[in-house]
Amino acid sequence: MAKKTLDDLGDLKGKKVLVRVDFNVPLDKKTGAVKNDRRIRAALPTIKHLLDAGASVIAMSHLGRPEKATPEERANLTMDKVAAKFSELLGTPVKKAANEVVGAAVTAAVAAMKPGDVILLENLRFDPREQKNDAEFAAAIASLADAYVNDAFGTCHNDKDASMVAVPAALKAAGKPRAVGLLVAKELEIIEGLMSAPKAPVLGIMGGAKVSDKIAFINVLLTKVDQLLIGGKMTYTFLKARGVDVGATRVGDEEVVAAGPLLKHVGTKIVLPVDYVVAKSDDLLQTQVCEGPIPAGFEGVDIGPKTIEAYKAAIKDAATVIWNGPLGWFEQAAFARGTQYIAEAMSASSGVTVVGGGETAEAAEQFGYADKMTHVSTGGGAFLAYVEGKKFQSLAQIDDRA
Ligand code: 3PG
Ligand code: MG
């Protein structure tokens, strides 16, 4: 059933709207500066829509994993730099409510808000109750607002985050409406369309490191695609599982076990690279292209030139392309060719091109192709989980349309 969206929230003049966004953006490790603001930009249409309707906005997000951070790393996880970036992109002043997520200072700041004002709560995960779906914490947040909007697609698969589940539940208990924002509505529509009626021929491209993390996703994809091209670190998992020597490439035994049941599709639906770039582990400047076993001391770092050409041709022939996971060690310029050429070929396609979030989205953006895709998801884990058909507790909380 269709979910309520912004236009179903009624008259918003003078109302305070709580918007859960996913501003969990990559940060520069040293300075804490926002390295990529794509997730912030993606939430702006919803924020602007609410402000234009006469509401004030209380935005909230988590940032990183403070529970696992050192004190120095944690200092970089306050929302100050995110608030500054958000303000710059929105073109409106954004205040951080306080140095705590909830409490008297936040209540006072919210009470003073006027239509058009925007505040951002402190990093939700600074309060340990956030990840315990704590009802009391949720009630304190919910009491700040007249309505709730979930525009945090990247976090929709987290079933234990209070801001995603217990907070909308508390608003419901208080008789207040809950809707999805424009970003979540768009992500759901595109991914649902992609999975229910993709235009053939459908091509999947899978990269990244771990087969084990993506096995459910790959199995679903295999039921939808005509071909699934493999690249990235998982190439060497498949090679090792087929008994090919992978040299110094590190491939865990559990990965080989995970790839086992997929081997029967190799040569039919699953296409492995025919060549790959390998580099000497103790001197990465020493590289060679290799087609068979990887020599001792060398590790696989990218797909090779013949593979790039074959994959580009497949992309050209496809009506739908779904891509998740980099094809090589793209953070190193010398090993980024596979990822870059695949992104370029997709951007030049006249078919539907969808990029799963996380690292893949960062790569597409880094090479300047993100805006030329049909859709670049803001979800990493959420994209995979939604494609897998998982039911999200966060979305179950959103009111159905009448
Ligand atoms: C993400 O980037 O995956 C989401 O923001 C959720 O963050 P998490 O993986 O730390 O729960
Ligand atoms: Mg995640």
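What counts, and at which threshold
- Residues numbered from 1 in each chain as written.
- Chains lettered and ligands numbered in written order.
- Predicted model: local features only at pLDDT ≥ 70, side-chain atom pairs only at ≥ 80, totals over all residues.
- Heavy atoms only, no water.
- Helix = DSSP H or I, 4+ residues; strand = E, 2+ residues; numbered from the N terminus.
- Rg over C-alpha atoms; globule rule 2.2 N^0.38 Å.
- Contact = heavy atoms within 4.5 Å.
- Areas by Shrake-Rupley, 256 points an atom, 1.4 Å probe, with all protein chains shown as cover.
- Lys, Arg positive; Asp, Glu negative; His and termini not counted.
- Charge placed at Lys NZ, Arg CZ, Asp CG, Glu CD.
- Pairing = 2+ DSSP bridges.
- Axes fitted to C-alpha atoms, helices over the stretch in contact; angles between N-to-C directions.
- Near = heavy atom within 4 Å.
- Polar contact = N/O pair within 3.5 Å; in protein donor to acceptor, adjacent residues only side chain to side chain.
- Nonpolar A, V, L, I, M, F, W, Y, C, P; charged D, E, K, R; others polar.
- Salt bridge = Lys/Arg side-chain N within 4 Å of Asp/Glu carboxyl O.
- Phe/Tyr/Trp six-rings, centres within 6.5 Å; stacked < 30°, edge-to-face > 60°.
- Buried < 20%, exposed > 50% of the residue type's maximum accessible area, 1.4 Å probe, protein only.
- UniProt positions renumbered as here; feature names shortened; annotations may be inferred.
- Arc of directions from axis to C-beta.
- Core = buried A, V, L, I, M, F, W, Y, C linked by side-chain atoms within 4.5 Å.
- Right-handed = clockwise from strand over helix to strand, strands pointing away.

Asks: Looking at this structure, I do not really get the overall build of the protein chain. What am I missing?
Replies: Broken down by element type, the protein chain carries 15 helices and 15 strands. For 402 residues, the compact-globule formula gives about 21 Å, and the C-alpha radius of gyration of the protein chain, at 23 Å, lands near that figure. The C-alpha extent of the protein chain, read off along each of the three principal axes, is 65 × 45 × 35 Å. Taking contacts inside the protein chain between residues at least 6 apart in sequence as the whole, the part at least 24 apart equals 73%. Of the accessible surface of the protein chain, which amounts to about 17100 Å², a share of 52% is contributed by carbon and sulfur atoms. With 48 positive and 49 negative side-chain charges, the protein chain shows a separation of 2 Å between the mean positions of the two kinds.

Asks: How should I be thinking about the sheet that holds strand S8 (residues 227-230) in this particular structure?
Replies: Paired through their backbone hydrogen bonds, the strands of a sheet run either parallel or antiparallel. Spatially, S9-S8-S7-S13-S14-S15 is the arrangement adopted by the six strands of the open sheet, whose pairing is parallel. Each end of this open sheet is capped by a strand with a single partner; those strands are strand S9 (270-271) and strand S15 (375-376). Here strand S14 (residues 352-355) pairs with S15 via two bridges, running parallel. Bridge assignment links Val-354 to a residue of S15, and that residue is His-375. Sitting on the sheet, helix H13 (residues 359-366) touches strand S13 (320-324), S14 and S15, and the angle it makes with S13 is about 110°.

Asks: Even after reading the chapter, I still don't get the site of ligand 1, so can you show me in this structure?
Replies: Taken together, Asp-22, Asn-24, Arg-39, His-62, Arg-65, Arg-125, Gly-154, Thr-155 and Asn-158 make up the full set of residues near ligand 1. For ligand 1, an oxygen atom lies 2.9 Å from a polar atom in the side chain of Asp-22. The side chain of Asn-24 places a nitrogen or oxygen atom 2.9 Å from an oxygen atom of ligand 1. Protein chains bury 81% of the 310 Å² of accessible surface belonging to ligand 1 in isolation. Tallied by class, residues from the shell around ligand 1 come to no nonpolar, five polar and four charged.

Asks: How should I be thinking about the pattern of salt bridges in this particular structure?
Replies: Where side chains of opposite charge bring their charged atoms close, a pairing between them can arise. In this structure the tally under the stated criterion is 18 salt bridges. Put simply, Lys-306 and Glu-291 hold a salt bridge, and the shortest N to O gap is 2.6 Å. Of the two residues, Lys-306 sits in helix H11 (residues 305-317) while Glu-291 sits in the loop between strand S11 (283-290) and strand S12 (298-303), which places them 15 residues apart along the sequence. Here the salt bridges do not stand alone but share partners, grouping Asp-37, Arg-41, Lys-85, Glu-88 and Glu-365 into one network.

Asks: How should the sheet that holds strand S3 (residues 94-96) be read in this particular structure?
Replies: Strand order in the open sheet formed by six strands is S3-S4-S2-S1-S5-S6, with parallel pairing between adjacent strands. With one partner strand each, in any of the chains shown, S3 and strand S6 (178-180) form the two edges of the open sheet. For this sheet, the mean angle separating the axes of adjacent strands, direction not counted, is 25°. As paired elements, S3 and strand S4 (residues 118-120) share three bridges and run parallel to each other. Bridge assignment links Lys-96 to a residue of S4, and that residue is Leu-120.

Asks: What is the right way to look at the packing of aromatic side chains in this model?
Replies: Note on aromatic pairs: each is described by the distance of the centres and the angle between the planes. Throughout the structure, instances matching the rule amount to seven aromatic pairs. Summarising the aromatic geometry, the rings of Phe-330 and Phe-367 are spaced 6.4 Å apart at their centres and angled 70° between planes, so their arrangement reads as edge-to-face. With Phe-330 in the loop between S13 and helix H12 (337-348) and Phe-367 in the loop between H13 and S15, the pair connects residues that are 37 residues apart, well separated along the chain. A residue is classified by how much of its surface remains accessible, and Phe-330, at 3% relative accessible area, is buried. The interplanar angle of 50° and the centroid separation of 5.5 Å between the aromatic rings of Tyr-386 and Phe-392 together place this pair among those described as tilted. In terms of burial, Tyr-386 and Phe-392 fall into one category: buried.

Asks: I tried to follow the UniProt feature "binding site: substrate" (unreviewed entry) in the protein chain on my own but got confused; where do I start?
Replies: As recorded in UniProt, the feature "binding site: substrate" (unreviewed entry) lies at Asp-22, Phe-23, Asn-24, Arg-39, His-62, Leu-63, Gly-64, Arg-65 and Arg-125. Of note, Arg-65 is situated in the loop between strand S2 (56-60) and helix H2 (71-75). Among all residues touching Arg-65, those that are not within four sequence positions of it are Leu-77 and Arg-125. Among all residues touching Arg-125, those that are not within four sequence positions of it are His-62, Gly-64, Arg-65, Pro-66, Glu-67, Glu-130, Gln-131, Asn-158 and Asp-161.

Asks: Explain helix H3 (residues 80-90) to me, please; I cannot follow it from the model alone.
Replies: Side chains that are three or four residues apart share a direction in an α-helix, a result of its 3.6 residues per turn. Three or more residues of H3 are buried, namely Val-82, Ala-83, Phe-86, Ser-87 and Leu-90. One side of H3 carries all its buried residues, which in axial view fall inside an arc of 135°. Looking at the packing, one finds that the buried side of H3 touches helix H1 (38-52), S2, S3 and S4. Two residues or fewer past H3, Gly-91 is found with a positive phi of approximately 75°.

Asks: In this structure, what is going on with the nonpolar core? I would like to understand it.
Replies: Buried together is how nonpolar side chains tend to be arranged in soluble globular proteins. Among the nonpolar cores identified, the biggest contains 98 residues, and Phe-86 and Phe-238 are the most heavily contacted of them. The residues touching Phe-86, leaving out its near neighbours within four places in the chain, are Phe-23, Ile-40, Leu-44, Ile-47, Ala-59, Val-94 and Val-118. One finds Ile-308, Val-321, Ala-345 and Ala-364 within the second-largest nonpolar core, a separate group that totals 27 residues.

Asks: Explain the pairing of S8 here, please?
Replies: The side chains of a regular strand alternate, residue by residue, between the two faces of the sheet. Across four bridges, strand S7 (residues 202-206) lies against S8 in parallel orientation. When the sheet's bridge partners are listed, Met-206 is paired in S8 with Ile-230. A crossover links S7 with its parallel partner S8, the connecting element being helix H8 (residues 211-224), and its sense is right-handed. As defined by bridge partners, S8 adjoins S9 across two bridges and the pair is classed as parallel. The residue of S9 that forms the bridge with Leu-229 is Val-271.

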